[in-house]
Every structure is written in C-alpha cells, then in structure tokens.
Amino acid sequence: MRLLFKLLLPKSTPRLLLTTTYWQLKHLQYASCNLPPIKMKIIPAPRIIPKTYINKNESLKRALSPHLSIYKPQITSMMSITLRMTGLSLGIMVWVVGVTALVSDQNVDYFVNELKKLELDDCYWTSAKIVAVFPFAFHFVAGVRHLLFDTSKLLEKPQFYATGYAAIMAAFGLAVCLGMMADICEKWEEMKQDKESVNKGK
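The structure displayed is predicted, hence computed values, not measured ones. (Residues numbered from 1 in each chain as written. Predicted model: local features only at pLDDT ≥ 70, side-chain atom pairs only at ≥ 80, totals over all residues. Heavy atoms only, no water.)

K.L.:
Go over the nonpolar core, please, and point to the residues and values.
P.N.:
Grouped together as the largest cluster of nonpolar side chains are 8 residues: Ile75, Met79, Leu83, Phe138, Val141, Ala142, Ala167 and Ala171. Listed by contribution, the elements that provide at least two residues to this core are α4 (75-103), α6 (122-149) and α7 (157-179). Non-local contacts of Phe138, meaning those with residues more than four positions away in its chain, are made with Met79, Thr82, Leu83, Thr86, Ile168 and Ala171. (Core = buried A, V, L, I, M, F, W, Y, C linked by side-chain atoms within 4.5 Å. Buried < 20%, exposed > 50% of the residue type's maximum accessible area, 1.4 Å probe, protein only. Helix = DSSP H or I, 4+ residues; strand = E, 2+ residues; numbered from the N terminus. Contact = heavy atoms within 4.5 Å.)

Okay, structure coming up:
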C-alpha cells in the first residue's frame, strides 16, 4: 500500500507529509473495521385514510368556496347553464315520447285530436309550440357556436359576447319560426286557394 501511495503522489512531495498522510489513511482503515454493524429495522408505513375534498378542507380549516349566490350573472355563465338545461329537457321529451309510443296503443293523431277538443285559442297553441321547440332551437344554435369555437375563431372577449347575443336572438327567432310554421303553411295554402278561385272567376 505504501508503494502504491508513493506512485500516486508526485516525487516532489516531502517525506514527512508522505509518512503522515500514509498513517492517517492506515488509521482510518482500522477505525472503519471496528465500527458496529448496522441493523435494519422494518417500520410499517402509517395507515392512509382516504379523505374527500370536503374532509380535507375541514381538516385544514379552509373556508368553503363561494357559489353562485355571490357571482354576478354573465352571458357566458347563463348560456352555459341554459345549454345544459335545454339538453336535459330535450332528453326528457325524447324519453317521454318514446316510452309513450311503446306503452300506449294510440298513435299521434289520437293525441292531437284530444288536444284539439280543448278548444283553446290559436295564440295559446302557438305559444305552447314555441315554448316546446325553444330547447331544440337554443341547443342547435349554441352547438353551432361551440363548433365555431373549435376552429380557434371568435375567441376574443368582444367576439365571445357578440356571438352570445347573436345566438340568443337566433334561437328565439328559430323557435318562433318553427312554432308558427304550421300557421304560416295554413295561411299560405289559404292564399293559394283564394288566388286560384280568383283566377277561375276571371
């Protein structure tokens, strides 16, 4: 070991420093041999109890996050909520119509005739049809608006609000047109018949 130590150190190293360094390393070697053995002890991991988000906040003494009661209504949030509500109403209407068609022995004409027996004014029927068709109209228009967002267009804040107002107006317009379509078709047929009768009279 002394020979290896001499080879590793440069020749200009003083003899006293060389001897001192050698004996220091020799002492460390013997000291390391006298160390007590290391004993490993297995300690079981603490039991982890899963906590919910509310339980975690309660243990940390955090206040509950505010909800809709403190937020100012905005067109973005209102349209998002309305989009979900119209989707839910459309699903309920489809289920009601489908289950009624499966369970009932009557067809659609039977239910239409039963409703006509109520003898309500035409404005009531038109209003009811507009209300019934509005969920479809709003969901359709809002869906087209979101498809435009998927193209990475109209995402600036002024454009976002402008398309929101435009979608609301378009949804109301589409609902009115669909609700009054039957009345418009009836008026159109009456106008055609009147025109044909006038032409025959000539």
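K.L.:
Let's hear about a nonpolar patch on the surface: which residues, and what values?
P.N.:
There is a patch of nonpolar side chains on the surface, built from Phe136, Phe140, Val144, Leu148 and Leu154 and spanning about 420 Å² of accessible area. Relative to the elements of secondary structure, Phe140 occurs in helix α6. Assessed through its relative accessible area of 47%, Phe140 is described here as partly exposed. (Patch = residues over 30% accessible without salt bridge, like charges linked within 9 Å, V, L, I, M, F, W, Y side chains within 5 Å. Areas by Shrake-Rupley, 256 points an atom, 1.4 Å probe, with all protein chains shown as cover. Salt bridge = Lys/Arg side-chain N within 4 Å of Asp/Glu carboxyl O.)

K.L.:
Tell me about the packing of aromatic side chains, residues and numbers included.
P.N.:
In total, this model carries 4 aromatic pairs according to the counting rule given. Residues Phe134 and Phe138 carry aromatic rings whose centres are separated by 5.9 Å and whose planes lie at 40° to one another, so their mutual orientation is tilted. Within this pair, Phe134 and its partner Phe138 are both found in helix α6, separated by 4 residues, close to a single helical turn. Given the relative accessible area of 4%, Phe138 is considered buried. Ring centres of Phe136 and Phe140 lie 6.1 Å apart, and the angle between their planes is 20°; on these two criteria the pair is classed as stacked. A residue pair is termed a helical-turn pair when its members lie 3 or 4 positions apart in one helix, as Phe136 and Phe140 do in helix α6 at 4 residues. Ring-pair connections join several aromatic residues into one group, and the members of that group are Phe134, Phe138 and Phe172. Above the ring of Phe160, the side-chain terminus of Arg145 is found at 4.8 Å from the ring centroid. (Phe/Tyr/Trp six-rings, centres within 6.5 Å; stacked < 30°, edge-to-face > 60°. Lys NZ or Arg CZ within 6 Å of the ring centre and 35° of its normal.)

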